[in-house]
Amino acid sequence: MENILIIEDNQDVNLMLSKAIKNAGYNVKSSFTGIDGLNEIKTNSYDLVLLDIMLPYKSGDEVLREVRKFSDAPVIILSAKESIQMKVDLLKIGADDYVVKPFDLSELLARIETNLKRYVKSFNQKIIYNYKNITLNYDLKEVLVDEDIIRLTSKEFEILYLLIKYPNKVFSKKNLYEAVWEDMYTYDNDTINTHISNIR
């Protein structure tokens, strides 16, 4: 089930979006300021972000610029401004879509679905990742160091995959555990430490 983050300071709008998106079958988290939203993206993994432009403490365009330094997840802009130039500027700095308020919920949900499908397709096409002398083939579940095949368990492979795919993102043990094991983190440091040690 895909994870969606809503960054919208209007509580009524945020709540309305949260209910509609949950009813559509997605996991949803809400943030109400630019700073909180950015921290949430840095801390957890999201498949799509709904981002308002007029946010307290850090504007939506500032959040977008920073997000694009470490994540390629789709970002749909929510804005009351219909300026063509603003749309162009935001698309140029990394927005995937732009929805003008007030919007129709069914249209927004359709845009969410379309962007998620496009992201998953693109994600699946990027099967080869390189970092220094390491080559990771996601489809073959194969890791090479120089030209030597490295034997890893499935969990070790998934951890290495996350680290190579997002080289500029700092992952906590909680991030890694919940992403790889798809379960709630319960401070099981030994499990993560053992796998990281084996990878090294």
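Computed from a predicted structure; not experimentally measured.

A. Summary view of the packing of aromatic side chains. All told, the structure shown has two aromatic pairs when counted by the stated rule. Geometrically, the ring pair formed by Tyr 129 and Tyr 161 is edge-to-face, given 5.6 Å between the ring centres and 75° between the ring planes. Placement of Tyr 129 in strand 6 (residues 128-131) and of Tyr 161 in helix 6 (residues 154-165) is noted, with a sequence separation of 32 residues between them. Like Tyr 161, Tyr 129 is buried.

B. Layout of the nonpolar core. Core analysis: the biggest nonpolar cluster contains 19 residues, and Ile 7, Ile 41, Val 49, Leu 51, Leu 64, Ile 77 and Leu 90 have the highest contact counts within it. The greatest single-element share of this core, amounting to three residues, is contributed by helix 3 (residues 60-67). Not counting the four nearest positions on each side in its chain, Leu 90 is found in contact with Ile 53, Asp 61, Leu 64, Ile 77, Ala 95 and Tyr 98. By size, the runner-up hydrophobic cluster in this structure holds 15 residues, among which are Tyr 26, Leu 48, Leu 50 and Leu 108.

C. Spatial organisation of the pattern of salt bridges. Counted according to the given criterion, the structure contains 10 salt bridges. Glu 66 is the partner of Lys 58 in a salt bridge, and the nearest nitrogen-oxygen pair spans 3.0 Å. Judged by its relative accessible area of 18%, Lys 58 falls in the buried class. Residue class for Glu 66 comes out partly exposed when judged on its relative accessible area of 23%. For the salt bridge of Arg 65 with Asp 61, the shortest nitrogen-to-oxygen distance reads 3.2 Å. Here Arg 65 pairs with Asp 61, and both are found in helix 3, just four residues apart, close to one helical turn. Assessed through its relative accessible area of 43%, Arg 65 is described here as partly exposed. Residue Asp 61 is classed as partly exposed on the basis of its relative accessible area of 23%.

D. The arrangement of the pairing of strand 1 (residues 3-7) in detail. Counting buried residues along strand 1, four of its five residues qualify, which places the element largely inside the surrounding structure. When strand 1 meets strand 2 (residues 27-31), the two strands line up parallel, connected through five bridges. Pairing of Ile 6 across the sheet is with Ser 30, part of strand 2.

About the criteria used
Residues numbered from 1 in each chain as written. Predicted model: local features only at pLDDT ≥ 70, side-chain atom pairs only at ≥ 80, totals over all residues. Heavy atoms only, no water. Phe/Tyr/Trp six-rings, centres within 6.5 Å; stacked < 30°, edge-to-face > 60°. Helix = DSSP H or I, 4+ residues; strand = E, 2+ residues; numbered from the N terminus. Buried < 20%, exposed > 50% of the residue type's maximum accessible area, 1.4 Å probe, protein only. Core = buried A, V, L, I, M, F, W, Y, C linked by side-chain atoms within 4.5 Å. Contact = heavy atoms within 4.5 Å. Salt bridge = Lys/Arg side-chain N within 4 Å of Asp/Glu carboxyl O. Pairing = 2+ DSSP bridges.

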